[in-house]
Each structure stands twice: as C-alpha cells, then as structure tokens.
Amino acid sequence: MTNNQKNGGPIIICRDIHKWYGHFHALRGINMEVNKGEVIVIFGPSGSGKSTFIRTLNRLETHQRGQIIVDGIELTHDVRHIEAIRSETGMVFQQFNLFPHLTVMQNITLAPIYVRKWPKKKAEEIAQQLLERVGIPEQANKYPGQLSGGQQQRVAIARALAMQPKIMLFDEPTSALDPEMIKEVLDVMTELAQSGMTMLVVTHEMGFARAVAKRMYFFDQGQIVESGTPDDIFYHPTEERTKLFLSQILSH
Amino acid sequence: MNISRTQTTNVLPPPIERFTLLGWLKKNLFGSWVDTLVTLFSIGFVYFVTATFLRWAFQTAQWEVIAVNLRLFIIGQYPLAEAWRIWLGVHLIAALIGLTWALYVREISNILGIGLLVVPLLLALIDFSLFNRLNLIGLSLVGLAGWFIGRKRTAAIRRISVWSWVLIFPIFILLVRGLFPQGEVLPVVTSNLWGGLLLTFLLTVVGIVFSFPLGVLLALGRRSELPILRTISIIYIEVVRGVPLITILFMAQFMLPLFLPGGLTLDRVLRAMVGITLFSAAYLAENVRGGLQAIPHGQYEAAHALGLSGYQTMVLIVLPQALRAIIPILVGQFISLFKDTSLVAIVGLFDLLGISDAILAQPNFIGRQAEVYAFISLIYFIFSYNMSFVSQRLEKSLGVGER
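Residues numbered from 1 in each chain as written. Chains lettered and ligands numbered in written order. Predicted model: local features only at pLDDT ≥ 70, side-chain atom pairs only at ≥ 80, totals over all residues. Heavy atoms only, no water.

1. Some thoughts on the overall build of chain A
When you go through chain A residue by residue, the secondary structure sums to 10 helices and 10 strands. Computed over C-alpha atoms, the radius of gyration of chain A comes to 18 Å, within 12% of the 18 Å expected from 2.2 N^0.38 for 252 residues, which places it in the range of a compact globule. With the C-alpha coordinates of chain A rotated into their principal frame, the extents come out at 55 × 45 × 40 Å. For chain A, with 252 residues in total, the buried portion stands at 56%. Taking as baseline every contact in chain A between residues at least 6 positions apart, the subset at least 24 positions apart corresponds to 65%. Surface summary for chain A: the accessible area is close to 11000 Å², and the carbon and sulfur share equals 47%. A gap of 6 Å separates the mean positions of the 27 positive and 27 negative side-chain charges of chain A. (Helix = DSSP H or I, 4+ residues; strand = E, 2+ residues; numbered from the N terminus. Rg over C-alpha atoms; globule rule 2.2 N^0.38 Å. Buried < 20%, exposed > 50% of the residue type's maximum accessible area, 1.4 Å probe, protein only. Contact = heavy atoms within 4.5 Å. Areas by Shrake-Rupley, 256 points an atom, 1.4 Å probe, with all protein chains shown as cover. Lys, Arg positive; Asp, Glu negative; His and termini not counted. Charge placed at Lys NZ, Arg CZ, Asp CG, Glu CD.)

Okay, here's the thing in structure tokens:
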C-alpha cells in the first residue's frame, strides 16, 4: 500500500466498511478511494451513516469489518497507528468542540506543542499565521466563549490546520451556525480547497459542493446510493432516492 | 433625515428609580401586612438572641480560662523554647499570603485585606509577652512586604508564588517537627506534643494535600475501562463512604499497624492523618467523578482527533475543566474536613477540641464550657469563612472564558 501511495495513488482507501450499533447496521459496505488534493462532499438524510463514516476515518468510531488505509497506514487496534493517523488528519466538528478553558491561541498551539513537540514560539508564530488565514488575527487572546459561532468554527479550522495535516475531515461544519455566519466559514473552506488540501466534507451546503467538490457521495441507510461529479449529481441523477432528496433540500 | 431621527428617539434610557429611605423601607420591609409581621418578628427575635448573648459575653462569662490557656489553645504542649519555629513558619505564610493577594486580588482596600493587616496589630495590644507582641506586629509587616513585592506582578513572581505555596507545606512541617533527634539546632519535637490550633491546622492541610491526588486517581479509576482497576476503586469508595469517620479514625489507631511491615510504627498523629486522608479521598473521588461527567463527549473527541494521547487528554483538557466546575464543592468538602478533624479528640489527640476538653478538666476551670466552646467555635468559623472567601475569589478569577 505504501508504494501505491507514494506513486500518487489514493491517500484514503476504504474497502467494504461495516459498522453496527448493537443490532443496528449503521454502515453497510462502504467503498471509497480518495486521491491527494481531492475535495469530496458527502450528503444524505440524517441517520444515513455519513457522520459515522467520516468518523471511522480517524477512528473516533471503530469499524467492525473491512479495511481502512489512510496515508499508507491501515487503521487497526494498534494505538500507535491510530495516533499517527490522527496527527495527520484534521477534523472539524458540528459543535466546534473548542476547549473552553484555553484561549484561542492556546487552543491552536496545544497539539503542535504536546504532540509535534514544537517549541512554543514556533507554534505561536504558525498559529498567528493561521488566524490571519481564517480572518480573525485579533482574537488570539480571547476565550472561545467570547466569540461568535462563525468565529469559533474558524478557530476550530485553524486548530486542525496547525498540525499541518494531509487530510481534513469536516463533519457538518455549518449546521450549528446562524445563516449569516455560514458564509464566513464556507469562504475559509473554499480557500482551503483551492490551496490543494485533501478534504472530506459532510454537508448540505449544495452551493459549496457545486463550487469546489471533485466528487459527491449520496448516503442513505448506511450505503452509498450514488456518487459522481457535482454535474452528474445535480443534473443527471440516476437513482430515485437521490432525486427525491435533492428536490427536498433544494426546494427552499 | 427624518428616518434617522425617529430611530435615535426610539432608543430610550431605562426608567430611573429615585432612592428614598422611606420608599426602600416600604418596598422591602413593610410591603404588606404579612411583610410587616415578618419584619417585626424577625427584629424581635434577632434582638432577643443578640442581647442575651451579649449580656452573657460581657457580664456573666469569665474569659480568664481563655486568657490563661491561650498558648495551649494555639500550640498545645509544644515546648516554649521552640515556639519561634512556629512563628517563623507563620511569618513565611503571611509573606506568601501578602504576595498572592497582590497577584490575584489586586486591591488592598478590601475588607478582608484590611482585616488581615489590622487583626495582628490589634492582637498585639493584648497583654501578651513582648516576644509574641513583636511577632504579631511582624506578621503585619511581613504580609505588607509580601504585598509590595507581589505588586510588580511579573511572570517570575507568579512562578515563585506558585512554587512557594508548594514548598511551604513541607517546610512548615519540617520546622514544626525539627530535624535532628538530639541536636542543638532544630531538635525534633515529637508529635504527641503538637496540639491545639496547630494540630488542627496540620491535620487539615495534610488531609487536603494527600486526599486530593488520591481522590482524583480514584475517580479516574472508577471511570477506567480496566475492570480490575474499576472494581478496586468502586469497592474502596463505597466501603469508605459507608463507614463513619470516627470508626475509621479508631481503625487507623488500632488496625493500621497490622498492615505495616514489622518494625515500622507510625505515631498517633500520623495514624490520624492517614485515617482522615483515606476517608476524605473517597468523598473527593465522587465529587471529582461528578465534575468529569459534566465534560461533554465532544471535548474528548476533539482532543483525540488532534492526536493527543489519553493521558494528555485527561491532564490538559478534561481535568482542568472538571476541577474548575467543582471548586465550590471541593472547598465545601475541605471546610468540612477542617471541622471533622475535631473528631481526633475522641481518639485522644489534643487538637483544638481535644485541648479544650483537657483545659476544662483542670480544677480551676470547671464549668467554663460555654466560654471555651464559644471561643473555639469562633476560631473554626474564622478559618472556615476564609476558605469560603478564597473559593469565591478563585471561582471569579478562573471563570474567564466560561461557556
């Protein structure tokens, strides 16, 4: 697998992923390959397994069958593999999950200092650059509770980027935001996509998907129902369920 | 133009309520006939209690028992020739309090700040020995000196203050206990001579300092995924919580030696310290567990997603938030620990309560219970209230950035 990846092959390979919660079959055989620099949008009704799937990629959820290979490393119970993959994979959550007892600066520099073992000064310089990149350099010394939702989510993106990950996972990053704040977060994500970052995004922001996605996957009942380029999905969907779902979320 | 004018006129100042004494009385004390009744009854009751107490305190009570035995109340049978060691320890603490006060409370014009400075001076007016009077005045001066140093508020001073608080504990114990069994300098004062407020204070501090980490470990153990660790923690916590402190103190006196390797003996004070620590840790564990449960799962996920290890997640993310959330509960527990140390009187130690009973057993002071217990109640109250005040300060200064 390592050779494959070095040759510019897929950076994420998923083969026949299954996951159960008790008797509930949450993921029913997911196959997916993502190449370096690709932006993937995953969408579907709630309970369709899209969040569960993206969370198996850094093992916040464990898969019970199948094979996941991220950046040439297979995800198993081996803790060192898990920590290695997690430090190469940034994640942004729906509820931001910033650390409320730390300042914005400390939120961003924490992992680089304690996981990457960077000196504090270097970590802070990079954090300040990232804050400028996400458009809030003046908020470095505030606490998360003093920021708006949109600002918090941009800090969360900066925090994930501070580890200089090869892959960014977004789990419904704009779902908990007020409408006027969604744009500021999507702008940051768009800029990130254009910079060549490999991104997997669970979202219902179809404008964003149309603008930056290389491929889209429609999830329903733990399966991939349909996948294709945004053009395929929006203008020539083949499955009835895809058409129905799109008509529902695009109608208003 | 018109539009902007209407918009500005729409912003109205809040209505002003003029304060008048009569209005305030009417609103708060005599609003209705029920209010009036409650007010009058309360005034009468408070008057009755206060007047009775004051009449007793200033007319009937014979405070000689306190004045004569003050040294016993404060340090027990601690040899007089070595009392300077305790004074030295207290001076160090005073300096640290002054320093920390300047760092975190800022203004000195606080009622408690003034109290801390003035009370030793007032006490120095009482007819003590010259040595003690000078020491009391010194206490104020040293505290003030600490405050002046701390006022610079540099990062270095902050660091020094934290480390000093960590170090003051072993230093104080070392001063009290001494170093050399038969030496000229700092001869050992065995713990059966420790007593009074000194012993109460030492039991409390040792109890807090050791039960805190033990309690945190037990709380983590109870939430651990390792079944053996979890079972041991649960059994320990539930067994200890199911037993009264007094029985644990008795068991510490009589059963602890069974668990120690032969030849190793602990003195009675140390056994009591062990008992108090083990008891307090179980309750602390449950409080910490409550704090841990209040941390949303997303915090763990975010930490893990960044690649932090389980240990780092606990120490850097979860525990700081969990402990901050339970500061009021923790301080409440430390206050009750402070008061519960009085139970060691029953196993025969001469803490504040134990020494009081000993004093009351002297033929000269038979029947002076009311005076003695009122006096030690006042001491307990002063220290408990101070702990409570510090906790409120701590909550406020740590509350920044709360969700």
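Still more to cover.
2. Quick notes on the domain arrangement of chain B
All names here are of chain B. Domain annotation of chain B identifies domain 1 (62-78 + 195-403) and domain 2 (79-188). Placing a centre on the C-alpha atoms of domain 1 and another on those of domain 2 gives a separation of 23 Å. Here domain 1 and domain 2 share an interface that buries about 1300 Å² over both sides, 80% of which is from carbon and sulfur atoms. Linking domain 1 to domain 2 there are 0 salt bridges. The tally of links from domain 1 across to domain 2 stands at 3 residue pairs in polar contact (both at pLDDT 80 or more). (Domains from an automatic or database assignment. Buried area = accessible area lost by both parts, 1.4 Å probe. Salt bridge = Lys/Arg side-chain N within 4 Å of Asp/Glu carboxyl O. Polar contact = N/O pair within 3.5 Å; in protein donor to acceptor, adjacent residues only side chain to side chain.)

3. Regarding the pattern of salt bridges
The full count for this structure, using the stated rule, is 24 salt bridges over all chains. Here Asp78(A) makes a salt bridge to Arg80(A), at a shortest N to O gap of 3.9 Å. For Asp78(A), a relative accessible area of 27% puts it in the partly exposed group. Between Glu238(B) and Arg241(B) there is a salt bridge, and its shortest N-O distance comes to 3.8 Å. Within this pair, Glu238(B) and its partner Arg241(B) are both found in helix α10 (residues 227-241), separated by 3 residues, close to a single helical turn.

4. Some points on the sheet that holds strand β6 (residues 89-92) of chain A
Residue and element names in this part refer to chain A. Strand order in the open sheet made by the 6 strands is β6-β7-β8-β3-β9-β10, with mixed pairing throughout. Sheet topology places β6 and β10 (223-228) at the edges, where each strand pairs with a single neighbour. The mean angle between the axes of side-by-side strands here comes to 15°, regardless of whether they run parallel or antiparallel. Note: strand β3 (residues 39-43) against strand β8 (residues 198-202), 4 bridges, orientation parallel. In the sheet register, Ile40 faces β8, and the bridge partner there is Leu200. Sheet contacts for helix α10 (residues 240-250): β3, β9 (215-220) and β10; angle to β9, the most-contacted strand, approximately 100°. (Pairing = 2+ DSSP bridges. Axes fitted to C-alpha atoms, helices over the stretch in contact; angles between N-to-C directions.)

5. Comments concerning the interface of chain B and chain A
The interface of chain B with chain A comprises 21 residues on the first partner and 24 residues on the second. Carbon and sulfur atoms make up 65% of the area that chain B and chain A hide from each other, which totals about 1900 Å². Remark: the boundary between chain B and chain A carries 1 salt bridge. In this structure, Arg55(A) engages Glu301(B) in a salt bridge whose closest nitrogen and oxygen atoms are separated by 2.4 Å. Put simply, chain B and chain A have 6 residue pairs in polar contact (both at pLDDT 80 or more) between them. Within the residue set of the side of chain B that touches chain A, elements represented by two or more residues are α14 (297-305) and α15 (310-325) of chain B.

6. Some points on the side chain of Thr200(B)
Within the secondary structure, Thr200(B) sits in helix α9 (residues 196-222). Apart from the residues lying within four places of it in its own chain, the contact partners of Thr200(B) are Phe338(B), Thr341(B), Asp351(B), Leu352(B) and Tyr380(B).

7. Some thoughts on the pairing of β8(A)
Residue and element names in this part refer to chain A. Among the 5 residues of β8, 5 are classified as buried, and the element is accordingly described as predominantly covered. Where burial is concerned, the two faces of β8 agree: the one with Thr198, Leu200 and Val202 and the one with Met199 and Val201 are both buried. The sheet contact formed by strand β7 (residues 167-171) and β8 spans 5 bridges and is parallel. By the bridge assignment for β8, Met168 is matched with Met199. Handedness of the crossover joining β7 and β8 through helix α7 (residues 179-194) is recorded here as right-handed. (Right-handed = clockwise from strand over helix to strand, strands pointing away.)

8. Let's talk about the packing of aromatic side chains
Geometry of an aromatic ring pair is reported as the spacing of the ring centres plus the angle between the planes. In the structure shown here, the tally under the stated rule is 16 aromatic pairs over all chains. Judged by centre distance (6.0 Å) and plane angle (35°), the ring pair of Phe43(A) and Phe245(A) falls under tilted. Separated by 202 residues along the polypeptide, Phe43(A) in strand β3 and Phe245(A) in helix α10 bring together distant segments of the chain. A ring pair is formed by Phe250(B) and Phe254(B), whose centres lie 6.3 Å apart and whose planes are at 10°; its orientation type is stacked. (Phe/Tyr/Trp six-rings, centres within 6.5 Å; stacked < 30°, edge-to-face > 60°.)

9. Examining the packing of helix α13 (residues 268-293) of chain B against helix α16 (residues 327-340) of chain B
Residues and elements named next belong to chain B. Two elements in contact, α13 and α16, have axes separated by 11 Å at closest approach and are oriented at 160°. Classed by the angle they form, the pair α13 and α16 counts as roughly antiparallel. Here α13 runs over α16; the crossing is right-handed. Packed against α13, whose contacting residues are Ile276, Ser280, Tyr283, Leu284 and Asn287, the element α16 presents Ile329, Leu330, Gln333, Phe334 and Leu337 at the interface. Of the residues assigned to the contact of α13 with α16, the class counts are 7 nonpolar, 3 polar and no charged. (Parallel < 35°, antiparallel > 145°, perpendicular 65-115°, else oblique. Left-handed = near helix turned anticlockwise from the far one by under 90°. Nonpolar A, V, L, I, M, F, W, Y, C, P; charged D, E, K, R; others polar.)

10. Details of α14(B)
Here α14(B) lies mainly inside the structure; 7 of its 9 residues are buried. By the burial criterion, the buried members of α14(B) are Gly298(B), Gln299(B), Tyr300(B), Glu301(B), Ala302(B), Ala303(B) and Ala305(B). On its buried face, α14(B) is in contact with α2 (50-56), α3 (79-88), β6 and α6 (149-161) of chain A together with α13 and α15 of chain B. Downstream of α14(B) by one or two residues, Gly307(B) has phi in the positive range, about 95°.

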